[in-house]
Amino acid sequence: MYRQTWMEIDLDAIADNIKAIKNHCRKKIIAVLKADAYGCGDIQVARTVMEAGADMIAVSSLDEAMMLRNQGYKKELLILGATDPADIDIMIQNNISATAYSTKWVKGVTSRNCNGLRVHLKVETGMNRIGFRDIEELKKAKGLLMLRGCSLDGIFTHFAKADTDRDMTQKQFERFEAAVKAMDYPFRWIHCDNSDASLWFRDPLSNACRVGISMYGYSSVTDRLKPALGLYTKIFMVKQLGPGEPVGYGSTYVTSGDELIATAPIGYADGFIRANQGRKVLVDNVMAEVVGRVCMDQVMLKLPESRPEGSLVEIFGKHIPLQQMAEELNTIPYEIICLISGRVTRIYIKNGERAEEANERLTKSSVNG
Ligand SMILES: *Cc1c(COP(=O)(O)O)cnc(C)c1O
């Protein structure tokens, strides 16, 4: 890494969070590592969570599943989203479990040689995204899959409002329970709880929690997890401007007096979106406003007092919680971290030290020590 802009990922915190979640829910853990582990690096996070006691990894697509297989991940792997029945050979060869989410999908799969395909049935209970709404249809799908030699590994559903609505979550759970009972089958995996539900919803039916964001220490239902992520850059220039000077594209900001304007190498191409204009970030130990439009590669900050070039800028991290940044941008932590682009080097902390610097677009990842 030559440019001083990086995302920090504390693998120790992730491991501690996995252990804490597992200890709390006392079920198996399915770590959801879709979208390159929410932007944190799928293989590094996969290694960490499996060592910390996770039992399976789930991703969103066959592409993501193959990315993990190609990097050497060998244990259980589930695709939560849609797949093309034409691709079942790849899934069978690579021992990847697919989600059965509609009669059309099941017919597509069972019209081919699907012997040995591992399947989790998806029950639709309130998201209206993918899954079987009707129990009779689900029963028929199960029968057809079994008849054609598929392995029925699991059954699951997904909650829509686990963070805010206990009644709706309970209703969704009851629909799921009815479906599971109607199947009358000893599924190895029964799962419905995402991060928020895993942390407060207690059910006697499921045997696994399916968690994503809470692994990184973010939750709207508890503050006992350890935040694991940060985004940083460094000031590379500071200038003193007099009153009436424009800053940035469109001159949307004009100084009102003598001002110190710093420039740092982060912009919207890194995922630091233009909506950050007017927000504050931490420079050294003072809060500095983002002034002028955020550029593709750079941003200008108004320093309330002098700070030297080279000063550390925290976009979010130990002092500015990711949740606070998300609220100020009218979004959720998930979106902010998923948008941090491949240009930003990922720095991994392990045993309290910088263990690895990864930027696939710059070099293959390198391990120091
Ligand atoms: C993303 C996802 C999860 C994980 O959600 P979190 O809120 O990050 O815990 C679980 N299940 C499914 C089906 C998902 O798509």
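This text follows the structure it describes.
Throughout this description, residue numbers start from 1 for each chain and increase along the sequence as written. Whole-chain, interface and lining totals are the exception, using all residues; otherwise, since this is a predicted model, local features are given only for residues with pLDDT of at least 70 and side-chain atom pairs are given and counted only at 80 or more. Heavy atoms from the whole structure form the basis of all side-chain values; hydrogens and water molecules are not counted.

Participant: For the site of the ligand, give the residues involved together with the corresponding values.
Facilitator: With respect to spatial proximity, 13 residues lie near the ligand, and among them Lys34, Tyr38, Ser195, Arg210 and Tyr334 are the closest. A 3.5 Å cut-off defines polar contacts: any pair of N or O atoms within that distance qualifies, except that in protein one atom must be a possible hydrogen donor and the other a possible acceptor, and neighbouring residues in sequence count only when both atoms are side-chain atoms. One of the side-chain nitrogen or oxygen atoms of Tyr38 is found 2.6 Å away from an oxygen atom of the ligand. Take Ser195: an N or O atom from its side chain is 2.5 Å from an oxygen atom of the ligand. Coverage of the ligand by the protein amounts to 92% of the 390 Å² it exposes when considered alone. Secondary structure is summarised from DSSP: a helix means a run of H or I of at least four residues, a strand means a run of E of at least two, and numbering begins at the N terminus for each. Of all elements in the fold, only helix H2 (34-39) and strand S9 (208-211) reach the threshold of two or more residues within the shell around the ligand. Split by residue class, the shell around the ligand holds six nonpolar, four polar and three charged. Residues are classed as near a molecule or strand on a simple rule: at least one heavy atom within 4 Å of it. Throughout, the Shrake-Rupley method with a 1.4 Å probe supplies accessible areas, and for residues the shown protein chains are the sole cover considered. All residues other than Ala, Val, Leu, Ile, Met, Phe, Trp, Tyr, Cys, Pro, Asp, Glu, Lys and Arg, Gly among them, are scored as polar; the first ten of these are nonpolar and the last four charged.

Participant: Any details on the packing of aromatic side chains? Residues and values, ideally.
Facilitator: Stacked, edge-to-face and tilted are the three classes for Phe, Tyr and Trp ring pairs, Trp counted by its six-membered ring, which pair at centre distances within 6.5 Å; planes under 30 degrees apart are stacked, over 60 edge-to-face, the rest tilted. Per the counting criterion, the structure on display carries eight aromatic pairs. Residues Tyr38 and Tyr216 carry aromatic rings whose centres are separated by 5.7 Å and whose planes lie at 40 degrees to one another, so their mutual orientation is tilted. Highlighted residues: Tyr38 in helix H2 and Tyr216 in the loop between S9 and strand S10 (229-234), separated in sequence by 178 residues. For the pair shown, Tyr38 and Tyr216 are each scored as buried. On the numbers, 5.8 Å between centres and 35 degrees between planes, the contact of Tyr38 with Tyr334 is tilted. With Tyr38 in helix H2 and Tyr334 in helix H11 (residues 333-338), the pair connects residues that are 296 residues apart, well separated along the chain. Exposure is judged per residue with a 1.4 Å probe applied to protein chains only, and the accessible area is read against the type maximum: over 50% gives exposed, under 20% gives buried, and values in between give partly exposed. Of the residues examined, Tyr38 reaches a relative accessible area of 5% and is grouped as buried.

Participant: Can you tell me about the pairing of strand S6 (residues 118-122), naming the residues and giving the values?
Facilitator: For S6, the buried fraction is high: five of the five residues fall into the buried class. Side chains Arg118, His120 and Lys122 project from S6 onto one buried face, and the interleaved Val119 and Leu121 project onto a second face that is buried too. Strands were regarded as paired on the criterion that DSSP finds at least two bridges between them. Of the strand pairs in this sheet, strand S5 (residues 98-100) and S6 are connected by three bridges, and their pairing is parallel. When the sheet's bridge partners are listed, Ala100 is paired in S6 with Leu121. Once the chain exits S5 it traverses helix H6 (residues 103-110) before rejoining the sheet at S6, and the crossover so formed is right-handed. In this structure, S6 lies alongside strand S7 (residues 151-156), joined through five bridges in parallel fashion. Residue Val119 lies in a different strand from S7, and its bridge partner there is Leu152. A clockwise course of the path from the first strand over the helix to the second, judged with the strands pointing away from the viewer, identifies a crossover as right-handed.

Participant: For the nonpolar core, give the residues involved together with the corresponding values.
Facilitator: Core analysis: the largest hydrophobic core is formed by 113 residues, its most contacted members being Leu121, Ile155, Tyr216, Leu229 and Leu301. Residue contributions to this core peak at seven residues, all from helix H1 (residues 11-25). Residue contacts for Leu301: discarding those within four places in its chain leaves Ile235, Leu260, Ile261, Ala262, Val281, Val283, Ala288, Glu289, Val290, Val291 and Val313. Of all hydrophobic cores here, the second largest spans seven residues; its members include Leu241, Val247, Cys295 and Met300. We define the nonpolar core as a collection of buried residues of types Ala, Val, Leu, Ile, Met, Phe, Trp, Tyr and Cys that are connected through side-chain atoms lying within 4.5 Å of one another. The contact criterion used throughout is that any non-hydrogen atoms of two residues lie within 4.5 Å.

Participant: Describe the packing of helix H7 (residues 135-147) against helix H8 (residues 166-183), listing the residues and the values that go with them.
Facilitator: Axes are the key here: two packed helices are described by the angle between their axes and the distance separating the axes. In contact at an axis separation of 10 Å, H7 and H8 are set at 40 degrees when each is read in the N-to-C sense. Classified by the interaxial angle, the pair formed by H7 and H8 is oblique. For the crossing formed where H7 meets H8, the hand is right-handed. For the pair formed by H7 and H8, the contact residues are Ile135, Leu138, Lys139 and Lys142 on the first element and Ala178, Ala179, Ala182 and Met183 on the second. In this analysis an axis means a line fitted to C-alpha atoms, helices contributing only their contacting stretch, and an angle means the value between N-to-C directions, from 0 to 180 degrees. These descriptions rest on fixed angle ranges, namely under 35 degrees for roughly parallel, over 145 for roughly antiparallel, 65 to 115 for roughly perpendicular, and the rest for oblique. Each crossing gets its handedness from the near helix: less than a right angle anticlockwise from the far helix is left-handed, clockwise is right-handed.

Participant: Give a description of H1 that names residues and reports values.
Facilitator: Helix span, expected: 1.5 Å multiplied by one less than the number of residues in the helix. In this model, H1 (15 residues) spans 21 Å end to end at C-alpha, consistent with the 21 Å of a helix rising 1.5 Å per residue. Buried residues of H1: Leu11, Ala13, Ile14, Ala15, Asn17, Ile18, Ile21 and Cys25, and no others. Where H1 begins, the side chain of Asp10 points an oxygen toward the backbone nitrogen of Asp12, at a separation of 3.0 Å. In the segment just after H1, Arg26 is the residue with positive phi, at about 50 degrees.

Participant: Quick rundown of unusual backbone geometry? Include the residues and the values.
Facilitator: If you check the backbone angles, Asn95 has positive phi at about 55 degrees while not being a glycine. When you line up the elements, Asn95 lands in the loop between helix H5 (88-93) and S5. Not every positive phi belongs to a glycine, and Asn128 is a case in point at roughly 50 degrees. With relative accessibility at 52%, the residue Asn128 sits in the exposed group.

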